[in-house]
Amino acid sequence: MKVPLLDLQAQHRSIKAEIDKVIAEVFDSQYFILGPKVVELEKAIAVYCGCAHACGVSSGTDALLIALMAEGIGAGDEVITSPYTFFATAGSIVRTGAKPVFVDIDPVTFNMNPALVAAKVTSRTKAIMPVHLYGQSVDMDPIMELAKKHRLAVIEDACQAIGTEYKSRRVGSIGHYGCFSFFPSKNLGGAGDGGMVTTNDTHRAAKLNSLRNHGMEPKYHHKMIGGNFRLDALQAAVLNVKLKHLELWTAARRSNAARYTRLFEQAGLPKSEMISLPAVIHERHIFNQYVIRTKSRDELIAHLRKHEIGCEVYYPVPLHLQECFAYLGHKSGDFPESERAALETLALPVYPELSDEQAQYTVKAVADFHV
Ligand SMILES: Cc1ncc(COP(=O)(O)O)c(C=O)c1O
């Protein structure tokens, strides 16, 4: 048996007729950038996330960058974030000229530990960028409270977390901005790159709309310097179709995660000190990834590869130890939980179409390795 980490072809087979139809519509219209398909997607995502506004952009990375730009963040400013995330989180902060200030993660959720944030606030801090890693929300209440006290913007990196909830609110609607990625492997993935910024603030929404198109308003007149962060109509067309299926796919991911946990328990694994399973602290977790911790990760990866089971490490090097951020002056030991997670985490296949047999085969392979 083979178990890929993700099976996008299986997903595509189930919606091929719908996708073919809307792609043809875009080609017939010859309207390729922004336009009605993008507006339709923006409206639908705003509703889905419980937000007043949504602005389609070219990627999740650009969503983060444009939100920072809309806040006027730049040289001399500091933005507090997690060192245990995809590179784009801190990369976008640095691209504005600002400094990323890291706080360590909670070892259970892998998300920014809110208790550590207050000590990092200085007179230069302009924003907090919490990352809802793997599809589970950051503990947002203490972060919003701190942001209010110090008048900081909160830019949620929700790139892995579309449909994730925190105390019954969708992420992206809690902070001042929510940034989403439509990279093909996300729960809502396009046919290429794409992203979205959500906000409840009308002024911020207007600024985002302008910045994504070179700050051009009206045509060929520029009040501010933006960029080309526009979303393509083809991506929006595909995403409009897929969004209609997202709740079903999310339910399937969540039930696959629950099944793994059940099967691992039956195999006696969580009792072993060698392995721990993902904990759902804040419902709802949308399981963009199902990530276990294991003390012998490299050996387990080799074992799973031998059994043709896909797995991946998100992420092997925490950001404070990346070569390009050496100038920040961090060293090993600065963020011990992030460093430990980088050594121990492993994502297993949890995509919606994963079959019962594939899940059982995966759990057996992991169990055989640990007992
Ligand atoms: C946490 C996080 N932030 C930012 C990004 C960047 O998104 P994109 O790849 O669409 O630029 C991603 C996606 O890879 C991500 O997982």
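One can find the structure itself at the top, above this paragraph.
Residues numbered from 1 in each chain as written. Predicted model: local features only at pLDDT ≥ 70, side-chain atom pairs only at ≥ 80, totals over all residues. Heavy atoms only, no water.

(A) Representation of the pattern of salt bridges in the model. The final tally for this structure, using the stated rule, is 23 salt bridges. A salt bridge links Glu-42 to Arg-212; the nearest nitrogen and oxygen atoms lie 2.8 Å apart. With a gap of 170 residues between them, Glu-42 in helix α2 (residues 36-49) and Arg-212 in the loop between α6 (202-211) and α7 (233-243) connect regions that are remote in the sequence. Residues Arg-293 and Glu-344 are paired through a salt bridge, measuring 3.0 Å at the closest nitrogen-oxygen approach. Of this pair, Arg-293 sits in strand β11 (residues 290-294) while Glu-344 is found in helix α10 (residues 336-344), placing the two residues 51 residues apart along the sequence. By the burial criterion, Arg-293 is buried, and Glu-344 matches it. Here the residues in one salt-bridge network are Arg-293, Lys-295, Glu-337, Arg-340 and Glu-344, joined through shared partners. (Salt bridge = Lys/Arg side-chain N within 4 Å of Asp/Glu carboxyl O. Helix = DSSP H or I, 4+ residues; strand = E, 2+ residues; numbered from the N terminus. Buried < 20%, exposed > 50% of the residue type's maximum accessible area, 1.4 Å probe, protein only.)

(B) Representation of the sheet that holds strand β12 (residues 345-348) in the model. Here we have three strands laid out as an open sheet, ordered β10-β11-β12, and antiparallel in their pairing. Of all the strands in the sheet, just β10 (275-276) and β12 have a single pairing partner and so form its edges. Of the strand pairs in this sheet, β11 and β12 are connected by four bridges, and their pairing is antiparallel. Within β12, the residue paired with Arg-293 across the bridge is Thr-345. (Pairing = 2+ DSSP bridges.)

(C) Structural view of the environment of Pro-100. Mapped onto the fold, Pro-100 is located in strand β3 (residues 99-102). Once the C-alpha coordinates of Pro-100 and Glu-78 are considered, the two residues, 22 residues apart in sequence, prove to be 5.9 Å apart. Excluding anything up to four places from it in sequence, Pro-100 contacts Val-79, Ala-90, Ile-93, Val-94 and Leu-328. (Contact = heavy atoms within 4.5 Å.)

(D) Representation of the pairing of strand β1 (residues 53-57) within the structure. Among the five residues that make up β1, four are buried, leaving the element largely enclosed by the rest of the structure. Alignment of β1 against strand β9 (residues 195-199), held across five bridges, turns out to be antiparallel. In the sheet register, Ala-54 faces β9, and the bridge partner there is Thr-198.

(E) Layout of a nonpolar patch on the surface. Together, Phe-27, Phe-32 and Ile-33 give the surface a local cluster of nonpolar side chains, amounting to about 250 Å² of exposed area. Position of Phe-27 relative to the elements: it lies in helix α1 (residues 8-29). (Patch = residues over 30% accessible without salt bridge, like charges linked within 9 Å, V, L, I, M, F, W, Y side chains within 5 Å. Areas by Shrake-Rupley, 256 points an atom, 1.4 Å probe, with all protein chains shown as cover.)

(F) A look at the environment of Arg-212. Given a relative accessible area of 8%, Arg-212 falls into the buried group. Between the alpha carbons of Arg-212 and Arg-230 there is a distance of 5.6 Å; along the sequence they are 18 residues apart. Beyond its immediate chain neighbours, meaning those up to four positions away, Arg-212 contacts Leu-34, Val-38, Glu-42, Cys-55, Gly-56, Val-57, Ile-66, Gly-227, Asn-228, Phe-229 and Arg-230. Polar side-chain contacts of Arg-212 include one of 2.8 Å to the side chain of Glu-42. Side-chain polar atoms of Arg-212 contact the side chain of Asn-209, separated by 2.9 Å. (Polar contact = N/O pair within 3.5 Å; in protein donor to acceptor, adjacent residues only side chain to side chain.)

(G) Layout of the pairing of β11. The element β11 is extensively covered by neighbouring structure, given that five of its five residues are classed as buried. Where burial is concerned, the two faces of β11 agree: the one with Tyr-290, Ile-292 and Thr-294 and the one with Val-291 and Arg-293 are both buried.

(H) How the structure looks around the packing of helix α3 (residues 60-70) against helix α4 (residues 87-95). Viewed as axis vectors pointing N to C, α3 and α4 meet at an angle of 40°, and their least axial separation amounts to 9 Å. As judged from the angle between their axes, α3 and α4 are oblique. Remark: the crossing between α3 and α4 carries right-handed chirality. Along its contact with α3, which presents Thr-61, Asp-62, Leu-64, Leu-65 and Leu-68, the element α4 presents Ala-88, Thr-89, Ser-92, Ile-93 and Arg-95. When the residues that make up the contact of α3 with α4 are grouped by side-chain class, the tally is five nonpolar, three polar and two charged. (Axes fitted to C-alpha atoms, helices over the stretch in contact; angles between N-to-C directions. Parallel < 35°, antiparallel > 145°, perpendicular 65-115°, else oblique. Left-handed = near helix turned anticlockwise from the far one by under 90°. Nonpolar A, V, L, I, M, F, W, Y, C, P; charged D, E, K, R; others polar.)

(I) Broad picture of the packing of aromatic side chains. Inspection of every chain in the model, using the stated rule, returns 10 aromatic pairs. Aromatic side chains Phe-27 and Phe-32 sit 5.5 Å apart centroid to centroid with 70° between the ring planes, which places their arrangement in the edge-to-face category. On the basis of relative accessible area, Phe-27 is assigned to the partly exposed category, the value being 42%. Between the aromatic rings of Phe-102 and Phe-335, the centroid separation amounts to 6.2 Å while the plane-to-plane angle is 80°, which identifies the pairing as edge-to-face. Of this pair, Phe-102 sits in strand β3 while Phe-335 sits in the loop between α9 (297-306) and α10, and the two are 233 residues apart along the sequence. When sorted by exposure, Phe-102 lands in the same class as Phe-335, which is buried. Following the ring pairs from residue to residue traces out a cluster consisting of Tyr-260, Phe-264, Phe-287 and Tyr-290. (Phe/Tyr/Trp six-rings, centres within 6.5 Å; stacked < 30°, edge-to-face > 60°.)

(J) Looking closely at the site of the ligand. As a matter of local geometry, the ligand sits amid 15 residues, with Gly-60, Thr-61, Asp-157, Ser-181 and Lys-186 nearest to it. A distance of 2.5 Å separates an oxygen atom of the ligand from a polar side-chain atom of Thr-61. Here an oxygen atom of the ligand and a side-chain polar atom of Gln-160 are 2.8 Å apart. Burial of the ligand by the protein chains amounts to 93% of its free accessible area of 390 Å². Listing elements by their share of the shell around the ligand, those giving two or more residues are α3 and α4. Tallying contributions element by element places α3 first for the shell around the ligand, with three residues. Of the residues belonging to the shell around the ligand, the class tally is six nonpolar, seven polar and two charged. (Near = heavy atom within 4 Å.)

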